[in-house]
Amino acid sequence: AMKAQQQQQQQQHYNYQSINPHLHYAQQGVAVPHYGAYYPMQMQMPANIVSGYPMQQPMPMTAAHHYHNPNGLILHPQQLTYAVPSSQTMINPTTIATATKPTTKKPLILSAHALTNPHSPYLTSHQLVNGHVCVMKKEAKDSFGVTLRYESKSVLVARVEVPKSVALMTTSAGVATTASASTTTTTITTEKKPRRKRETFGVLSVVEATKARFASQPNTERKVLQPGDIILSINGRDVGGMTFAESCRFISTSSSTVATGEIRCVLTVARRKVPLPAVVVGGVMTGTNNNLRLPHPTTMLQPTPPTIPLIAFSIFGEKVIGDFLSVEWCAFILSFPIVSRALTTGMALLPVSKKDVCAAIKEKDAYKIFLNQRSVESMQAKMAFEGKRIEGEVKQKADEYWKADWEREVKGDADNENNSLVENYLTDAQRSILRSKARPTTGCKCGSKTHTFVSDPKCVLFRDVKQFCAQNSINVDDEKKKKGRKISTKGKGKLEAAYIRRFNQLREETAATKEEAEFVLKMEQNQCFGMKKAVFAPSSLCTAVLSAVAAVMDRIPKDRLLDPVEVDVEDKMVVASKPNVDEPKKPLDSDEDDSDDEDMPLNALLKPQTHKRAANNSKLPSPKRTKQTESSSKAVPSAYILGEIILHISKTYGHLFLEPSHPNYAWQQRHRSVIKTPLPKEVMFAGNPRKPGTLSFENVRFVLSEERLARLKNNWLNHDQLKLPPQPTSEEMEQWSDEWAIRHLSSDAVTGIAHEIDVLENLGILKINQSGSVVLAQGWERRVPHMTLNEMKDAWGSDMDVNNLHCIHEKIRSSLEDVWQHGEDEWRFESEGLDDDDAVYEDEEYELRRQIFLENYDAFVNSRKGVGEFGI
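Residues numbered from 1 in each chain as written. Predicted model: local features only at pLDDT ≥ 70, side-chain atom pairs only at ≥ 80, totals over all residues. Heavy atoms only, no water.

Peer 1: Tell me about the overall build of the protein, and name the residues and values.
Peer 2: Across its full length, the protein holds 23 helices and 23 strands. Buried residues in the protein amount to 42% of all 872 residues. Pairs at least 24 apart in sequence give 72% of the contacts found in the protein among residues at least 6 apart. Of the accessible surface of the protein, which amounts to about 50200 Å², a share of 53% is contributed by carbon and sulfur atoms. (Helix = DSSP H or I, 4+ residues; strand = E, 2+ residues; numbered from the N terminus. Buried < 20%, exposed > 50% of the residue type's maximum accessible area, 1.4 Å probe, protein only. Contact = heavy atoms within 4.5 Å. Areas by Shrake-Rupley, 256 points an atom, 1.4 Å probe, with all protein chains shown as cover.)

Peer 1: Give a detailed account of helix α14 (residues 639-653), specifying residues and quantitative values.
Peer 2: Taking 1.5 Å per residue as the helical rise, α14 with its 15 residues ought to reach 21 Å, and the 21 Å between its terminal C-alpha atoms agrees with that figure. Extensive coverage of α14 is indicated by the burial of 14 of its 15 residues. Taking the backbone nitrogen of Y640 as reference, a side-chain oxygen 3.2 Å away marks S638 as the first, capping residue of α14. (Expected span 1.5 Å × (residues − 1). Polar contact = N/O pair within 3.5 Å; in protein donor to acceptor, adjacent residues only side chain to side chain.)

Peer 1: Account for the packing of helix α12 (residues 541-553) against α14, with residues named and values stated.
Peer 2: It is the contact of α12 with α14, at a shortest axis distance of 9 Å, that shows an interaxial angle of 115 degrees. Every pair of crossing elements has a handedness; the one defined by α12 and α14 is right-handed. Each of A544, V545, S547, A548, V549, A551 and V552 in α12 lies in contact with α14, whose residues at this interface are I641, E644, I645, H648, I649 and Y653. Tallied by class, residues from the contact of α12 with α14 come to 10 nonpolar, 2 polar and 1 charged. (Axes fitted to C-alpha atoms, helices over the stretch in contact; angles between N-to-C directions. Left-handed = near helix turned anticlockwise from the far one by under 90°. Nonpolar A, V, L, I, M, F, W, Y, C, P; charged D, E, K, R; others polar.)

Peer 1: Describe the sheet that holds strand β22 (residues 826-829), and please don't skip the residues or the numbers.
Peer 2: Here we have 3 strands laid out as an open sheet, ordered β21-β22-β23, and antiparallel in their pairing. The sheet is open, and its two borders are formed by β21 (820-822) and β23 (840-842), each paired with just one other strand. Neighbour-to-neighbour, the strand axes of the sheet open up by a mean angle of 20 degrees, direction not taken into account. Pairing between β22 and β23: 3 bridges, direction antiparallel. Bridge pairing links R828 to V840 in β23. Here helix α20 (residues 786-796) sits on the sheet in contact with β21, β22 and β23, set at roughly 105 degrees to β22. (Pairing = 2+ DSSP bridges.)

Peer 1: Any details on the packing of aromatic side chains? Residues and values, ideally.
Peer 2: Applying the stated criterion to the full structure yields 19 aromatic pairs. Geometrically, the ring pair formed by W667 and F853 is tilted, given 5.6 Å between the ring centres and 50 degrees between the ring planes. Of this pair, W667 sits in helix α15 (residues 662-671) while F853 sits in helix α22 (residues 843-864), and the two are 186 residues apart along the sequence. Each member of the pair, W667 together with F853, is buried. Between W820 and F829, the ring centres sit 5.1 Å apart and the planes meet at 70 degrees, which makes this aromatic pair edge-to-face. Owing to a relative accessible area of 2%, W820 belongs among the buried residues under this scheme. One aromatic cluster is present, built from ring pairs that chain together W667, F685, Y846, F853, Y857 and F860. The lysine or arginine in question, R374, covers the ring of F324, its NZ or CZ lying 4.6 Å from the ring centre. (Phe/Tyr/Trp six-rings, centres within 6.5 Å; stacked < 30°, edge-to-face > 60°. Lys NZ or Arg CZ within 6 Å of the ring centre and 35° of its normal.)

Peer 1: Go over the nonpolar core, please, and point to the residues and values.
Peer 2: Note that soluble globular proteins tend to have their nonpolar side chains buried in a common cluster. Core analysis: the largest hydrophobic core is formed by 88 residues, its most contacted members being F332, I645 and I753. For this core, the element with the most residues is α12, which contributes 10 residues. Dropping the residues within four chain positions of it, F332 is found in contact with C358, I361, L371, M379, M383 and W740. Counting residues in each nonpolar core, the second largest holds 23 residues, with F214, V239, L267 and V269 among its members. (Core = buried A, V, L, I, M, F, W, Y, C linked by side-chain atoms within 4.5 Å.)

Peer 1: So, the pairing of strand β10 (residues 230-234): which residues are in play, and what are the values?
Peer 2: On a regular strand, each side chain points to the face opposite its neighbour's, so the side chains alternate between the two faces of the sheet. Counting buried positions over the 5 residues of β10 gives 5, a clear majority of the element. Relative to β10, strand β8 (residues 196-208) is paired through 2 bridges, and the arrangement is antiparallel. Along β10, the bridge assignment pairs L204 with I231. Taken together, the 4 bridges between β10 and strand β13 (residues 263-272) define a ladder with antiparallel strand orientation. Following the sheet pairing, I231 is matched in β13 by V269. Relative to strand β11 (residues 237-238), β10 is paired through 2 bridges, and the arrangement is antiparallel. Across the sheet, residue S233 finds its bridge partner in β11, namely D238.

Peer 1: Go over unusual backbone geometry, please, and point to the residues and values.
Peer 2: Of note, the phi angle at N235 is positive, near 55 degrees, even though the residue is not glycine. Summarising the element assignment, N235 is placed in the loop between β10 and β11. The exposure class of N235 is partly exposed, given its relative accessible area of 27%. Even without glycine at this site, K532 takes up a positive phi of about 60 degrees.

This is a description of form; function is not addressed.
Written out as structure tokens, the structure is:
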């Protein structure tokens, strides 16, 4: 009771809401502190909360009630703003405001009870793996091939507190008693809401282990690491209490060397418990061991489980979202090309986006049982991360290759003083640029001042070709021709002698220039036919793909080039498109239903238009694509075939082929599209998805090693080789990584090979067999676009390129030249067995349509940027 009375008095002392603070404090003999903080005089004054320095002694009030602040200013009480505390607000006079101390980064400490603490979130999400996982490496400088990260989760845990008891003395009547009255003591326990504290559990998590090597233990199945596993102990020592850096160092320092010379590290891990939903297929219940290739569509699915929270982790310094299980990622790799091919229209202007493919995958019953816990955004994030990983691998291997190749080349010519002209190394693309430059006024193209011509033995521009010829016993040294006799100036006058010396100098320069030209031609021929590297590249990707497909057809087995003669729709085979004889005839490049607003210039309207082209179109494939029934499916190009095509283009044209500009790329797609319905201008004038002017094929060949292509070929020849296991091993994950590497390299973001093959298949130039092989379709010569014929006439035809320095496959060049004839500004298809009216392409109309398209493209771009955006 006395304590309650004391608290009541103290409460009344601090309750100033209805009292004038100046008069109240004046009566109590207390000065009013500044900044609205009120403290009795007997209490210690705190540090100034605003300025940070201690308050001075209380200042006495003057008659005018003016007060001095610590800064020396005189303030009237009405100019002060006082924060009057309420009855519920108590100011602690002992609180001292200090300057904020610099925060230090807390160490990433691993928890010792990740699976034993009842409050740990990992107790319900992970389970201990029986046995141990043993990772190996050959040498101490090598890596175990495992990527780790620090992962932490925190939970709120209730604190244990002792409840407070309060004893009250009351009478039976409930009134206050005297000393002589009988009293009873009652103990009342007041229970407060339990306070909670946050407890953090840090673990050592596995991000990736596809490159790791695992040891097999006797009489047990070999155990591997999977993404999402957490490491509990390293070589018998618990990781609890270690920091993340200490645990990573302990893996290397505590590993032991076995008798075979390999270094091993034994790990105890826990694995995430994410069971796949059960599926009823044909009355049989299947679970985690379900094969992805289901014989029938699913008939009943369990309710979709909640989406797995995405885990953010840092790779290559960038934050990426999407931590997939091995089974989920393998299922996505298997489904992506199938669904992408099902969605493609074949029109060059309408490529299939990755977002649409991911959304369609989630709708397929055969795949959503594996990916129903992943959103479309998480799939796109995972694709972006894996794509950057492959691109990083391409860059790393390219740097290693060019550096080693240059060191090997310099070692064979160590006495050449021109080696110092190159800082790091010289790539094939850099050589091609230097070779194509004009000779400078002084010195050589290579930058040396000691010689003038590239045929000089000290020049480094063609040294790689000369070393290749020397290694393959190819003679490149011609018989030295006798030099012409110099005209003597003896007995001549000064003027006549000057003319003679000038004449002799010009004759020597002409002879040296001719010798250089012969040397360059011989080097270029050896480069094309020996090293299989072109000197000039085609301007369109279409020509490069046709040449690559013809080259790959020469190497693949003949039984893989043909489909069965009789094709049944019920067997899900692709039916070859046949010409529709009942369809009305119209020109190949008909402008009907075009929606690109190709308004002709005024000067073009004055010219009479001719209509001589594209007669007898009934022999050409119908522009309407054959409708796919529900039971039919499109054949998917094999990853091995795509890899061979990409490898051929990379080796042959990678150092030369430049991505076209945005206007030229848009025209190439428009020229090869037959528009039936209006399309938005954003689609019509979409630019190059890759950066114009870049060498998109230059370095991709370095990740297409012989080992990778051998694995891809084995998977292609053995259809059942690549299946979806419940828990893929490291070897199986390597095969799935090979498949994804090809899909990424063929995407629009890297090379655009997949889209180009879809377009050429839609035009009837290429054919994709059920085996996955890509071949030239029957009668492909007649369906090539007009731009390809113009390119043949101006660049790589036999008349312009006698030595075939473009390295175009001879089947492509000879087949087109045999059936297409150019004369009087038009191309005419001439072949035996056709009617009198032959297919005709007019150059004048092609150039007119191209000019109109480019003008409209510029107008569209200016309306969005430049004039339209800035108003200039």
